[in-house]
Amino acid sequence: MSDVNRLPRRTRIKFCGLTRIEDVAVACALGVDAVGFVFAERSKRRVSPAQVAPLREALDPFVASVALFMDNDAATVREVIDTVRPTILQFHGDEDDAFCASFGLPYLKAVAMGGEGARADDLGARYARATGFLFDSHAAGQVGGSGHAFDWTRIPRDCPRPWLLAGGLHPDNVFEAIRATYCWGVDVSSGIESAPGEKDAAKMHRFVEAVRRADAAVGTIATHDAL
Ligand SMILES: O=C(O)c1ccccc1NCC(=O)[C@H](O)[C@H](O)COP(=O)(O)O
């Protein structure tokens, strides 16, 4: 394969559970790909649509806004879409493909990898319209954002769409996480916080720096298949 078909690897970065406009500004300055706002009812980082609207307006161009839900009802999802205008939706509960796709926006399905009942098989068939997947450490029915990792060897090798690794990532383990899993993207919440919902600028900076170091260490991606 010629070098013209290879580019440096770039792991996508999503910062999740933002609640403050100053944290949005830092995330944008660091060049992250996406920020997440949590509308799940039991979350410590839960925000209201009205609270998020100015944060979403403050985003730089090309920084995606992700609205997170966990078994919220359709009316709540619609209210968030109308007020916040997120780029993409992310569902953490028992939602099926029909529900997730019914809002006319791309969606990510979070896959609960913790606990005994983890079910990561057949994702392409069960969530045929998902844009991608996010493997997270919480157990089915439990909230995310725990700061705990799961056993990365349980990630299915044949995931049919781009997928993000989440759960317990922080500036000191994300290098190894990327090297071990070759994930498309990483998602972090607790690992860049000083308190739930309050991000720490120095940790955010160290996290991004570690991802870029991992990208350089892991090497290149072949682009010929996609072109
Ligand atoms: O963050 C929450 O409070 C939350 C509540 C309910 C459903 C999902 C939730 N968060 C989803 C995520 O943001 C991921 O779990 C997160 O990036 C990984 O969390 P962490 O282990 O804290 O990095």
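To keep things clear, this report deals only with the structure shown in the data block. Because the structure is predicted, anything quoted here is derived from the model rather than measured. (Residues numbered from 1 in each chain as written. Predicted model: local features only at pLDDT ≥ 70, side-chain atom pairs only at ≥ 80, totals over all residues.)

Moving on, we come to the site of the ligand. Surveying the vicinity of the ligand reveals 26 residues, the closest of which are Cys16, Ser43, Gly144, Gly145 and Ser190. For the shell around the ligand, the secondary structure elements donating two or more residues are strand E3 (34-38) and strand E9 (185-188). Residue classes in the shell around the ligand are distributed as nine nonpolar, 13 polar and four charged. (Near = placed C-beta within 6 Å. Helix = DSSP H or I, 4+ residues; strand = E, 2+ residues; numbered from the N terminus. Nonpolar A, V, L, I, M, F, W, Y, C, P; charged D, E, K, R; others polar.)

All right, on to the pairing of strand E4 (residues 64-69) then. Most of E4 sits out of view: five of its six residues are buried. The pairing of E3 with E4 spans five bridges and is parallel. Across the sheet, residue Phe37 finds its bridge partner in E4, namely Ala67. A crossover links E3 with its parallel partner E4, the connecting element being helix H2 (residues 49-57), and its sense is right-handed. Examined bridge by bridge, E4 and strand E5 (residues 88-91) share four bridges and lie parallel to one another. Bridge pairing links Ala67 to Leu89 in E5. Remark: the E4/helix H3 (residues 74-84)/E5 crossover connection has right-handed handedness. (Buried ≥ 20, exposed ≤ 12 C-beta atoms within 10 Å, placed from the backbone. Pairing = 2+ DSSP bridges. Right-handed = clockwise from strand over helix to strand, strands pointing away.)

Here the focus is the nonpolar core. Counting 58 residues, the largest nonpolar core has Phe15, Phe37, Phe39, Ala67, Phe69, Leu134 and Val186 as its most contacted members. With six residues, strand E6 (residues 107-114) is the single largest residue contributor to this core. Setting aside residues no more than four positions away along its own chain, Val186 makes contact with Thr11, Ile13, Leu164, Leu165, Leu169, Val174, Ala177, Ile178 and Val211. (Core = buried A, V, L, I, M, F, W, Y, C linked by C-beta atoms within 7 Å. Contact = placed C-beta atoms within 7 Å.)

This brings us to the sheet that holds E4. Taken together, eight strands build a closed barrel; the order of strands is E2-E3-E4-E5-E6-E7-E8-E9 and the barrel is parallel. Each adjacent strand pair in this sheet contributes to an overall mean axis angle of 25°, direction not counted. (Axes fitted to C-alpha atoms, helices over the stretch in contact; angles between N-to-C directions.)

Although it is not a glycine, Asp122 adopts a positive phi angle of roughly 60°. With respect to the helices, strands and loops of the structure, Asp122 is situated in the loop between E6 and helix H5 (123-126). Judged by the 11 C-beta atoms lying within 10 Å of it, Asp122 is exposed. Positive phi values are uncommon outside glycine, yet Tyr182 reaches one of about 55°.

Glancing now at the pairing of strand E8 (residues 163-166). Side chains Trp163 and Leu165 of E8 all project onto a buried face; the interleaved residues Leu164 and Ala166 project onto the opposite face, where all are buried too. In this sheet, E8 lies alongside strand E7 (residues 132-139) in parallel orientation, the contact comprising three bridges. Residue pairing for E8: Leu134 is matched across the bridge by Leu164. Alignment of E8 against E9, held across three bridges, turns out to be parallel. Across the sheet, residue Leu164 finds its bridge partner in E9, namely Gly185. For the segment spanning E8, helix H6 (residues 174-181) and E9, crossover handedness is right-handed.

Geometry only, nothing functional implied.
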